[in-house]
Amino acid sequence: MDSFVELREITPENIEDVLALKVSAKQSAFVQTTAYSLAKAWAFRKTAFPFAVYAHNTLVGFMMLGYYELKNQYTVWQFLIDERYQHKGYGTAALRLGIQFLIDRFHVREIYLGVNFQDTAAQNLYRSHGFVETGETTDTALEMKLII
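Source: prediction; values computed, not measured. (Residues numbered from 1 in each chain as written. Predicted model: local features only at pLDDT ≥ 70, side-chain atom pairs only at ≥ 80, totals over all residues. Heavy atoms only, no water.)

Participant: For the side chain of Glu 143, give the residues involved together with the corresponding values.
Facilitator: Here Glu 143 shows up in strand β7 (residues 141–147). Taking the relative accessible area as the measure of exposure, Glu 143 reaches 13% and is therefore buried. Of the polar contacts made by the side chain of Glu 143, one reaches the side chain of Thr 134; its length is 2.7 Å. Once residues within four sequence positions are removed from consideration, Glu 143 is found in contact with Lys 71, Gln 73, Tyr 112, Leu 113, Gly 114, Val 132, Glu 133, Thr 134, Gly 135 and Glu 136. (Helix = DSSP H or I, 4+ residues; strand = E, 2+ residues; numbered from the N terminus. Buried < 20%, exposed > 50% of the residue type's maximum accessible area, 1.4 Å probe, protein only. Polar contact = N/O pair within 3.5 Å; in protein donor to acceptor, adjacent residues only side chain to side chain. Contact = heavy atoms within 4.5 Å.)

Participant: Tell me about the nonpolar core, and please be specific about residues and values.
Facilitator: Among the nonpolar cores identified, the biggest contains 30 residues, and Leu 65, Phe 79, Leu 95, Ile 111, Tyr 126 and Phe 131 are the most heavily contacted of them. Elements that contribute at least two residues to this core include exactly β2 (48–55), β3 (58–68), β4 (73–81), α3 (90–106), β5 (110–116), α4 (120–128) and β7. For this core, the element with the most residues is α3, which contributes 7 residues. Not counting residues within four places of it along the chain, the set of residues in contact with Tyr 126 comprises Phe 79, Leu 95, Leu 113, Val 115, Phe 131 and Met 144. (Core = buried A, V, L, I, M, F, W, Y, C linked by side-chain atoms within 4.5 Å.)

Participant: Could you give an account of the pattern of salt bridges, naming the residues involved and the relevant values?
Facilitator: Should their charged atoms come close, side chains of opposite charge can pair. In total, this model carries 5 salt bridges according to the counting rule given. Linking Glu 6 and Arg 8 is a salt bridge whose minimum nitrogen-to-oxygen distance equals 2.7 Å. Here Glu 6 falls in the partly exposed class, since its relative accessible area comes to 34%. For Arg 8, a relative accessible area of 25% corresponds to the partly exposed category. Here Asp 82 makes a salt bridge to Arg 84, at a shortest N to O gap of 2.8 Å. (Salt bridge = Lys/Arg side-chain N within 4 Å of Asp/Glu carboxyl O.)

Participant: Just give me the short version of the environment of Leu 142, but keep the residues and values in it.
Facilitator: In this structure, Leu 142 sits in strand β7. According to the relative accessible area criterion, Leu 142 is buried, its value standing at 8%. Considering only alpha carbons, one finds Leu 142 and Asn 14, 128 residues apart in sequence, at a separation of 32 Å. When neighbours within four sequence positions are excluded, Leu 142 is seen to be in contact with Leu 113, Gly 114, Val 115, Phe 117, Gln 123, Glu 133, Glu 136 and Thr 137.

Function cannot be read off these values alone, since they describe shape.
Spelled out as structure tokens, the structure:
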């Protein structure tokens, strides 16, 4: 499956399709829109790494990785698979690619992320890749980390 999934640069040719990605109504409470994420990526362009997720040359999702300077942490900042393409293994493959990108490019030893308390599907996905809870929380999310 991984060989059919890839992270690609967001370009003038695919930006409109990336902006049209969406999750289910239930999931929208847990995930920012791609427009919001891309605005943040622009504002934090030195430390944000947004990607379009493709499977078999079809756009299926969005992932933004980043470096959080305040805490000296590399993160999975935003991640979504469009509702039409969920439950096909693309999220698992894309997450592996994102982790590998951070390892290859920055030689990270830890990767962090925040996940909504109610988003058990995302929590299970991250746990299946070795992420564990750190004990840190916000009003709506728990922090998880992967030790490489």
